[in-house]
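# Topology and contacts: notes
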Amino acid sequence: MGVLIPVGDRVWVVPGSVNIGVLANADGQFILVDTGLNDTSAKKALKAVREELDGEVVAILTTHAHADHFGGNATVVKRTGAAVYAPAFDEAVLRYPLLQPILLYGGADPIDTMRGGFMLADASPVDVVVAPGAMDVAGVAVAAVPLLGHSPGQLGYMVGDVFFCADVVLPERVLEKYRIPYLFSLTDHLKALQVARSTPHRVAVPGHGAVLEGNALASLVDLNLDLAHRVVDEVLDLATTPQSATAILEGLLQRFGAPVTDAPSFYLLQPTAFAFLSHLHREGLVNHEVSDGRSLWTRV
Ligand SMILES: [Zn+2]
């Protein structure tokens, strides 16, 4: 039995811990939307295209530069010569994947335990830097939809009535597991959730979890938005008196019961706490001062 799930006109999904999209052009050539974590996910997608659709991959559309979404690019490119399309800014991380743990680790040479698995993918070439809007990808009409926030440049892709919405929403199971999901920018993420809600589609394919039909994406937007608001409330409560970002992060981890037990899980949430503080500062809801060598945040 095959692994491909048809979701639209010449559009399929290879379901997995990261969903991989498959698009066909009129000449029987194929485009992957993301490639999964590593060579295993890449080989699975290539096998599905070759054996179930009798074709070859000619392009990869990357949604964002997280290792679990582009880690298979190198294998696909090596085996097919596919052209890689990636969003602006994130494309730099595809070419220099060490930037991801560097960014999470506050800009410094990352501790060795952050140099594996979900933190550091194989480098991918980038052939085309994608901006939001309509484009032609190997003969397939695609509209790139800005969904910034989960990463600096994350893009969703509309293909016909199928919306590849990347990680703008995370399924309930993932939210329950991690308690507080990683964010680069809360300001951008809140905008992206509204864009996701208002983008007409028949089927939405998120990066993780089941294919979404009807108003299932809107329901997940509500769930993810509600969580962001609960984190905002707790950050404001924790900052009633002047606090360091570290103290606020510790308070959040305790209050939400986040399963943080190692460097990767800790250093995913440290910038997330800063993303909330930047947003609340921008909104005039917290003050920032440096006093006696301490960086302090206080609710207004
Ligand atoms: Zn991601």
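Throughout what follows, the structure given in this document is the object of discussion. (Residues numbered from 1 in each chain as written. Predicted model: local features only at pLDDT ≥ 70, side-chain atom pairs only at ≥ 80, totals over all residues. Heavy atoms only, no water.)

Right, let's talk about unusual backbone geometry for a bit. The phi dihedral of Phe89 falls on the positive side, at around 70 degrees, and the residue is not glycine. Structurally, Phe89 can be placed in the loop between β6 (83–87) and α4 (90–95). Not every positive phi belongs to a glycine, and Asp292 is a case in point at roughly 50 degrees. Its place among the elements puts Asp292 in the loop between β14 (286–291) and β15 (294–299). Residue class for Asp292 comes out exposed when judged on its relative accessible area of 81%. (Helix = DSSP H or I, 4+ residues; strand = E, 2+ residues; numbered from the N terminus. Buried < 20%, exposed > 50% of the residue type's maximum accessible area, 1.4 Å probe, protein only.)

Moving on, we come to the pairing of strand β1 (residues 5–8). Taken residue by residue, a regular strand's side chains alternate between the two faces of the sheet. Note: β1 against strand β2 (residues 11–14), 3 bridges, orientation antiparallel. Its bridge partner lying in β2, Gly8 is registered against Val11. Hairpin connection of β1 to β2: 2 residues between the antiparallel strands, including Arg10 at a positive phi of 60 degrees. (Pairing = 2+ DSSP bridges.)

According to the stated counting rule, one finds 3 aromatic pairs in the structure shown. On the numbers, 4.9 Å between centres and 65 degrees between planes, the contact of Tyr105 with Tyr267 is edge-to-face. Within this pair, whereas Tyr105 is found in the loop between α5 (99–104) and β7 (128–130), its partner Tyr267 is found in helix α10 (residues 263–282), the two being separated by 162 residues in sequence. Tyr105 gets classed as partly exposed once you look at its relative accessible area, which sits at 23%. (Phe/Tyr/Trp six-rings, centres within 6.5 Å; stacked < 30°, edge-to-face > 60°.)

This paragraph deals with empty space enclosed by the protein. Throughout the structure, instances matching the rule amount to 3 cavities of 30 Å³ or more. By volume, the largest cavity is sized at about 120 Å³. Pro181, Leu183, His189, Asn224 and Ala228 are, among the 14 residues lining the largest cavity, the residues nearest its centre. A total of 4 residues in the lining of the largest cavity trace back to one element, the largest contributor, which is helix α8 (residues 216–238). The residue makeup of the lining of the largest cavity, split by class, is 10 nonpolar, 3 polar and 1 charged. Considered as a void within the structure, the second largest cavity measures approximately 70 Å³ in volume. Lining the second largest cavity we find Asn19, Ile20, Gly21, Val33, Asp34, Thr63, Phe164, Cys165, Ala166, Val205, Pro206 and Gly207. Mapped onto the lining of the second largest cavity, the elements with two or more residues apiece are β3 (20–24), β11 (162–166) and β12 (203–206). A total of 3 residues in the lining of the second largest cavity trace back to one element, the largest contributor, which is β11. Residue classes in the lining of the second largest cavity are distributed as 7 nonpolar, 4 polar and 1 charged. (1 Å grid on protein atoms, 1.4 Å probe; cavity = no way out; pocket = protein on both sides within 12 Å on 5 of 7 lines; lining within 4 Å. Points joined across faces, edges and corners; volume = space filled by probe spheres on them. Nonpolar A, V, L, I, M, F, W, Y, C, P; charged D, E, K, R; others polar.)

Turning to the coordination of the zinc ion, a few remarks are in order. At this site the zinc ion is bound by His64 (NE2), His66 (ND1), His150 (NE2) and Asp167 (OD), with donor distances of 2.0 to 2.5 Å. Around the zinc ion sit 4 donor atoms, and with donor-metal-donor angles ranging over 86 to 176 degrees the site reads as irregular. Between consecutive donors of the zinc ion, the numbers of intervening residues give the motif H-x1-H-x83-H-x16-D. Classification of His64 as buried rests on a relative accessible area of 0%. (Donors = N, O, S within 2.8 Å, 3.2 Å for Na, K, Ca; no water. Tetrahedral: all angles 85-135°; square planar, octahedral: opposite > 155°, others 65-115°.)

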